[in-house]
Amino acid sequence: MVVVTDRRKRIYRIIKRELAENLVSQALMLLGHSSEKNYRRIMGAFNRIAKTEHQRMIAAWIDSWLSEGNPGGAFVSRLLKGVHANVRKNYLANMLVSLFFRDQQIYDWMRAEYGFNPPSVMLISPTMRCNYKCAGCYAAKYTTDDDMPPELFDRVITEAEEIGIKFMPVLGGEPFVYRPLLDIFKKHPKACFQPYTNGSLITRELADKLVELGNVAPMISIEGFAEQTDACRGQGAFERAMKAMDNLREAGCLFGFSIRVDRNNFDYVTGDEFMDMLIGKGAIYGWYFLYMPVGRNPDLSLMPTPEQRDILRQAVNRFRRTKPVIMVDFWNDGPLTAGCINGGRIYFHVNHKGDVEPCIFVHYATDNLKECSLVETLNSPFFRGLRSMQPFSYNTLRPCPIIDHPKIMRTSLRRWNAYPTHEEAEKTFTELSKGLDDYAREVEELYAPIWEQDYNWAKRWMEVMDHPPERVTARKRAYYARRDKIQASSSGKRGDGTSGD
C-alpha cells in the first residue's frame, strides 16, 4: 500500500510539473507580439505557479522587469522573434519552471528521506579534451585521456532528474569534441543543457541539430573583442566565435555568452560597445566570471582588483536597467543567491572522472560516482559540512570561500580529507594563500559600506531562501560585531578577513 501511495504521489508530481511547463510554454507562444495584454498573460502564468514567498518575490521581479520603461519587453521580443518554437517549448519553458519555481513536493520528499534540499543545477564535464590551449584555463591541469564513459554520463543525468535537477551546464574541455554528446542530450528531452564552448565546432549543420533537439542552449566563451579573445585563445578564435553565433542565430537556436574577466580585458568587457555587439549577434543571456587562480599557471596578478570587481558590479546592474539581455555576475550576484551556491546548496560539479567537486573552481572531492550514487555524495560529510556554514558572511556581496573567505575552504579541505582531482590543484590553497588573504581583506573593506547602503533588499531575500533562520541571525551578529571591532581599532589594523562572518 505504501509503495502504491508513493507511486501515486510521484505520478501526481510529474503531472503537476508538466502542467506548469505547458502553462509557461503556452504563455511564451502567445507573446509573439509585444503588448501589455500578452505580458499580463505570462505574469498570470508565473503567479499561478508561485506558491512560496521566495517564488512570489521572483514573480514580482519579473513583473517589474516587464513593465513599461524597463528592458524586459524588448528582451521578450528579441527572444520570441529569434528563437525557434521548438526551443521555446523544450528549453525555455522547462528552464523557467526548473530554476524559478522548484517543485515543493520534491523538496519535502528529499528533506524527509535524506535530510537536505536538492540542488537546482548540476555542472558536468564529460571530457577535458579541448582543441584550444587558452591562457589561464581553469581546467588545464585535468587529465585529457580519460573521457567519462557514456553510460556513466547517462546514469548521472538520470539520477539528477530523479531529484528534480533539470538545468545542466556542460563544460570541459570543449564539450563538442565528446562524440556521444548529442545522443545523451536526445535521451533526456526534459533536461535543459547549456554547453560552454569556444564555438569553433558549431557549424550550421550542428546548429540545426541543436534546434531539432530543442533542449540545448550553447554559451560561447570570449574574452572581449578580437584582440583580447585571440590573445587568450589563439589567432582566429574571436572570428570563429562570431561565426558560431551567426550559425546559431540563423538556425533559431537560443545561445548566450561566457566572459572571463581579468585585469587585462576588464575595460573592454564592461563597456556598452561590447555588450551591444553581443546583443546584435543575437545573444540572449550571459555570464561574467572573475579570473580565478586555478588551473594553468595560476596568477594572482590577473585577478581583477577589488575596485574593478565593484565597477563590474555597477556595469552589470547598468546593463540590466538598459539592455534587452539577461546576465549573471557569478560573484557580485551573491545577494541574489543569498551567498555561495557550492557544495550542492544550489550547484556542484561532476568532472570527467566522476569526481564530485563542490564548485567548478574547487578541484577537490571526497566521492566518485563510479563508487556511489549522486544522492550519497550530495549527502556526504564534505558537502553537508560546506552547506552547514553557508552563508559564509552576512554580507553576501562577499559570497566566495575561495577568494572572499579563503580560510574557510582551506579548513574544510583538511577537515573532510578531500583529495585533489588533478595535479597541482593544491597550489590555490597553499602557495597562493597569503595573496588571497590580502585580497579578501581589501574586498571586505570596500564592500562593507556598499552592503549597508544598497542591499537592504538582500537581507530580506536571505531570510526567504533556504538558510536556517538561526544561522542567518548568527552571521548577522558576527558581521556587526566584526564591523564594530574594526571601526574601534585606533591603529587601523584589520582582522585576517578569512574566517567568515
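Each remark here, short or long, concerns the structure printed above.
The notes below deal with the structure included here. (Residues numbered from 1 in each chain as written. Predicted model: local features only at pLDDT ≥ 70, side-chain atom pairs only at ≥ 80, totals over all residues. Heavy atoms only, no water.)

1. Side note on the packing of helix 18 (residues 433-454) against helix 20 (residues 469-488)
At step 1: Contact pair helix 18 / helix 20: the axes reach a minimum separation of 13 Å and the direction vectors enclose 120°. The pairing of helix 18 with helix 20 is recorded here as oblique in orientation. For the element pair helix 18 and helix 20, the recorded crossing hand is left-handed. Of the residues in helix 20, those in contact with Glu444, Ala448, Trp451 and Glu452 of helix 18 are Tyr479, Tyr480, Arg482, Arg483 and Ile486.
At step 2: Within the contact of helix 18 with helix 20, the residues separate by chemical class into five nonpolar, no polar and four charged. (Axes fitted to C-alpha atoms, helices over the stretch in contact; angles between N-to-C directions. Helix = DSSP H or I, 4+ residues; strand = E, 2+ residues; numbered from the N terminus. Parallel < 35°, antiparallel > 145°, perpendicular 65-115°, else oblique. Left-handed = near helix turned anticlockwise from the far one by under 90°. Contact = heavy atoms within 4.5 Å. Nonpolar A, V, L, I, M, F, W, Y, C, P; charged D, E, K, R; others polar.)

2. What about helix 20?
At step 1: If you check helix 20, its first and last C-alpha atoms are 29 Å apart, about what 20 residues at 1.5 Å a residue would give, namely 28 Å.
At step 2: Listing the buried residues of helix 20 in full gives Arg471, Val472, Arg475, Tyr479, Tyr480, Arg482 and Ile486. The buried residues of helix 20 occupy an angular sector of 160° when projected down its axis, which confines them to one face. Along helix 20, exposed side chains directed more than 90 degrees from the buried face belong to Pro469, Glu470, Arg477, Lys485 and Ala488. (Expected span 1.5 Å × (residues − 1). Buried < 20%, exposed > 50% of the residue type's maximum accessible area, 1.4 Å probe, protein only. Arc of directions from axis to C-beta.)

3. Brief notes about empty space enclosed by the protein
At step 1: Overall, the coordinates contain two cavities of 30 Å³ or more when judged by the stated rule.
At step 2: By volume, the largest cavity amounts to about 60 Å³.
At step 3: If you go around the largest cavity, you meet 13 residues; those closest to its centre are Val294, Gly295, Glu424, Ala425 and Thr428.
At step 4: Residues that form the lining of the largest cavity fall into these classes: six nonpolar, four polar and three charged. (1 Å grid on protein atoms, 1.4 Å probe; cavity = no way out; pocket = protein on both sides within 12 Å on 5 of 7 lines; lining within 4 Å. Points joined across faces, edges and corners; volume = space filled by probe spheres on them.)

4. Overview of the side chain of His422
At step 1: Tracing the sequence through the fold places His422 in the loop between strand 11 (419-420) and helix 18.
At step 2: Judged by its relative accessible area of 10%, His422 falls in the buried class.
At step 3: For His422, the side chain forms a polar contact with the side chain of His363, separated by 2.7 Å.
At step 4: With near-sequence residues (within four places) excluded, His422 lies in contact with Lys141, Tyr142 and His363. (Polar contact = N/O pair within 3.5 Å; in protein donor to acceptor, adjacent residues only side chain to side chain.)

5. Quick notes on the side chain of Glu161
At step 1: Among the secondary structure elements, Glu161 is positioned in helix 7 (residues 150-162).
At step 2: Summary of buried charges: Glu161 has no salt-bridge partner, and the nearest side chain of opposite charge, Lys166, is 4.5 Å away. (Lys, Arg positive; Asp, Glu negative; His and termini not counted. Salt bridge = Lys/Arg side-chain N within 4 Å of Asp/Glu carboxyl O.)

6. Re the nonpolar core
At step 1: Ranked by size, the top nonpolar core spans 144 residues in total, and within it Tyr91, Met122, Leu254, Tyr288, Phe361 and Ile403 carry the most contacts.
At step 2: With seven residues, helix 11 (residues 237-251) is the largest single contributor of residues to this core.
At step 3: Residue contacts for Tyr91: discarding those within four places in its chain leaves Asn86, Phe167, Cys192, Phe193, Gln194, Gly214, Asn215, Val216, Ala217, Leu254 and Tyr285. (Core = buried A, V, L, I, M, F, W, Y, C linked by side-chain atoms within 4.5 Å.)

7. Quick notes on the environment of Glu239
At step 1: Structurally, Glu239 can be placed in helix 11.
At step 2: Each C-alpha atom, one on Glu239 and one on Gly199, is 9.7 Å from the other, the two residues being 40 residues apart in sequence.

8. Observations concerning unusual backbone geometry
At step 1: Residue Gly173 follows Gly172 across a cis peptide bond; omega there is 20°.
At step 2: On the secondary structure map, Gly173 appears in the loop between strand 2 (167-170) and helix 8 (181-187).
At step 3: Between Gln390 and the following residue, Pro391, the backbone shows a cis peptide bond with an omega angle of 0°.
At step 4: For Pro391, the location among the structural elements is in the loop between helix 16 (381-388) and helix 17 (406-415).

9. A short note on the pattern of salt bridges
Pairs can form between side chains of opposite charge once their charged atoms are near each other.
At step 1: Summed over all chains, the structure comprises 29 salt bridges.
At step 2: Residues Glu463 and Arg460 are paired through a salt bridge, measuring 2.6 Å at the closest nitrogen-oxygen approach. With Glu463 and Arg460 both in helix 19 (residues 456-464) and three residues apart, this pair spans about one turn of that helix.
At step 3: The class for Glu463 is partly exposed, based on a relative accessible area of 48%.
At step 4: Of the residues examined, Arg460 reaches a relative accessible area of 36% and is grouped as partly exposed.
At step 5: Here the residues in one salt-bridge network are Arg204, Asp208, Asp246, Arg249, Glu250 and Lys281, joined through shared partners.

10. Considerations on the packing of aromatic side chains
At step 1: For the structure shown, the criterion picks out 24 aromatic pairs.
At step 2: An angle of 70° between the planes, with centres 5.7 Å apart, marks the rings of Phe153 and Tyr178 as edge-to-face. Separated by 25 residues along the polypeptide, Phe153 in helix 7 and Tyr178 in the loop between strand 2 and helix 8 bring together distant segments of the chain. For the pair shown, Phe153 and Tyr178 are each scored as buried.
At step 3: When the ring of Tyr455 is compared with that of Trp457, the centres are 5.8 Å apart and the planes differ by 40°; the resulting orientation is tilted.
At step 4: A relative accessible area of 41% places Trp457 in the partly exposed class.
At step 5: One aromatic cluster in this structure is built from Tyr138, Tyr196, Trp287, Phe289, Phe330, Trp331, Tyr347 and Phe361.
At step 6: Lying across the ring of Phe116, Arg387 places its NZ or CZ 4.7 Å from the centre.
At step 7: Arg415 extends its terminal NZ or CZ atom over the ring of Trp416, reaching a point 5.1 Å from the ring centre. (Phe/Tyr/Trp six-rings, centres within 6.5 Å; stacked < 30°, edge-to-face > 60°. Lys NZ or Arg CZ within 6 Å of the ring centre and 35° of its normal.)

11. Some details on the pairing of strand 5 (residues 256-261)
Sheet faces and side chains relate simply in a regular strand, where the side chains alternate between the two faces.
At step 1: Burial within strand 5 is extensive, with six of its six residues counted as buried.
At step 2: Judged by which residues are buried, strand 5 turns out to be covered on both faces: Gly256, Ser258 and Arg260 on one side and Phe257, Ile259 and Val261 on the other are all buried.
At step 3: The pairing of strand 5 with strand 6 (residues 285-290) spans six bridges and is parallel. Looking at strand 6, one finds that Ser258 is bridged to Trp287. (Pairing = 2+ DSSP bridges.)

12. Section: the pairing of strand 7 (residues 326-329)
At step 1: Residues of strand 7 alternate between two faces, with Met327 and Asp329 buried on one and Ile326 and Val328 left unburied on the opposite face.
At step 2: Taken together, the four bridges between strand 6 and strand 7 define a ladder with parallel strand orientation. Residue pairing in the sheet places Gly286 in a bridge with Met327 of strand 7.
At step 3: In this fold, the crossover linking strand 6 to strand 7 by way of helix 14 (residues 306-322) has right-handed handedness. (Right-handed = clockwise from strand over helix to strand, strands pointing away.)

13. So, helix 16
At step 1: Within the sequence span of helix 16, burial applies to Phe382, Phe383, Gly385, Leu386 and Arg387.
At step 2: Residues of helix 16 that are buried make contact with strand 9 (356-357), strand 10 (364-365), helix 15 (374-378), helix 17 and helix 20.

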